[in-house]
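For reference, the chains in residue letters:
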Amino acid sequence: MALKDLSPRQMVQITAAWLDPERERPRLASLKRCAPLIDDIEAAHDGILKSHRRQKKANDELSGIQQRQVAIDQIHDRKARGAHAVLSGFADLADDPEDAAIYLEIRDQLFADGLRFISASYSDEAGEVKLARDRLTPESKAALKALPTPGGNLLKAVQAWFAAGDELGKLDAQRVHLEAQDRPDTADSRGGQLRARNRWIKVVRSVLQMLELEGADAETTRRLLAPLQREASKAERRRSSGKEEAEAEGGAPPDGGAGEPAIGEEAPEVGVD
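The rules behind each value
- Residues numbered from 1 in each chain as written.
- Predicted model: local features only at pLDDT ≥ 70, side-chain atom pairs only at ≥ 80, totals over all residues.
- Heavy atoms only, no water.
- Helix = DSSP H or I, 4+ residues; strand = E, 2+ residues; numbered from the N terminus.
- Buried < 20%, exposed > 50% of the residue type's maximum accessible area, 1.4 Å probe, protein only.
- Contact = heavy atoms within 4.5 Å.
- Core = buried A, V, L, I, M, F, W, Y, C linked by side-chain atoms within 4.5 Å.
- Polar contact = N/O pair within 3.5 Å; in protein donor to acceptor, adjacent residues only side chain to side chain.
- Salt bridge = Lys/Arg side-chain N within 4 Å of Asp/Glu carboxyl O.
- Phe/Tyr/Trp six-rings, centres within 6.5 Å; stacked < 30°, edge-to-face > 60°.

### Looking at the overall build of the protein chain
And then number 1: When helices and strands are tallied, the protein chain shows nine helices and two strands.
And then number 2: Within the protein chain, buried positions represent 37% of all 273 residues.
And then number 3: If you take every contact in the protein chain between residues at least 6 apart in sequence, the share linking residues at least 24 apart comes to 73%.

### What to know about the nonpolar core
And then number 1: Grouped together as the largest cluster of nonpolar side chains are 26 residues, with contacts concentrated most on Leu6, Trp18, Leu28, Ile41 and Trp200.
And then number 2: Mapped onto this core, the elements with two or more residues apiece are helix H1 (8–19), helix H3 (38–93), helix H8 (191–214) and helix H9 (218–248).
And then number 3: Take this core: its biggest share by element is seven residues, from H8.
And then number 4: Not counting chain neighbours up to four residues away, the residues in contact with Trp18 comprise Glu24, Arg25, Leu28, Ile41, Val204, Val207, Leu224 and Pro227.
And then number 5: Counting 22 residues, the second largest nonpolar core, distinct from the first, contains Ala100, Ile106, Leu110 and Val158.

### Remarks on the side chain of Asp172
And then number 1: Residue placement: Asp172 occurs in helix H7 (residues 154–181).
And then number 2: Looking at Asp172, its side chain comes within polar contact range of the side chain of Gln69, at 3.3 Å.

### Digging into the pattern of salt bridges
Side-chain pairs of opposite charge can arise where the charged atoms are in close proximity.
And then number 1: Following the criterion strictly, the structure yields 12 salt bridges and no others.
And then number 2: The partner of Glu24 in a salt bridge is Arg223, with the nearest N and O atoms 3.0 Å apart. You can see Glu24 sitting in the loop between H1 and helix H2 (25–29) and its partner Arg223 sitting in helix H9, a full 199 residues away along the chain.
And then number 3: What makes Arg223 partly exposed here is its relative accessible area of 25%.
And then number 4: A network of salt bridges, in which partner residues are shared, links Glu24, Arg27 and Arg223.

### A closer look at the packing of aromatic side chains
And then number 1: Under the counting rule described, the total for this entry stands at five aromatic pairs.
And then number 2: Both rings, one in Phe90 and one in Tyr103, keep their centres 5.6 Å apart while their planes meet at 55°; by these two values the pair is tilted. Highlighted residues: Phe90 in helix H3 and Tyr103 in helix H4 (residues 97–110), separated in sequence by 13 residues.
And then number 3: With relative accessibility at 17%, the residue Tyr103 sits in the buried group.
And then number 4: Ring-pair connections join several aromatic residues into one group, and the members of that group are Phe111, Phe117, Trp161 and Phe162.

### Comments concerning the environment of Leu208
And then number 1: One can find Leu208 in helix H8.
And then number 2: Given the relative accessible area of 25%, Leu208 is considered partly exposed.
And then number 3: Spatially, the C-alpha atom of Leu208 lies 9.9 Å from that of Thr221, the residues being 13 residues apart in sequence.
And then number 4: Each residue touching Leu208, except ones within four places of it in the same chain, is listed here: Leu225 and Leu228.

So, in structure tokens, the structure goes:
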């Protein structure tokens, strides 16, 4: 019985049955060799749940950050394009060459490299805002404030662009921090989940060993092994199906023959069955 083929969903199904007072827990508790393992079973079961709960929370937080970034980036790009266009337009409309030169100078202070940065990464956009803010002179700010736009003036629009860039930078820093939280090292990018999985496998193997030594009656043995056998059969069918599909295509199974891993899960450590 290859425990390594079981998905986390199947693992918690098995140990939930063993821990349920209305199902198999009383039978485990009645066996002197298995009863001491109940605390270990609970810890292994909770470990699987908590590791995936943490991952789900992290994924939800990451999704929220990414959605926020998309919304803020739209504001950032729109305000930047608008400010660039308005300054170019005022320069074209100005009859006085000196006024036109002022508008173009302000535009170049804000957009030293044009609008290429709006297609860059969020962190690059945030960095460009810092540079543009530093280049903008007090005189240019006063001139921007004198230029009317819908809902205010051009300085207000530029400040909205700056604020959006600052927010993109903060959100990107949050994203980077969040993505690094569940990555202890490059060899184990799902560290918490993998450790919980292997702990569960070791505990279940101990239960099977103790059950074999216990010499329990056939009904007790059948009831305790039923959840594990049922889920193991599902995993075996899944594994066989993957092999058949790969062989039909003339290649190796998509998972190398080790069974289909759960969503977002890496293969278990070598030597764990």
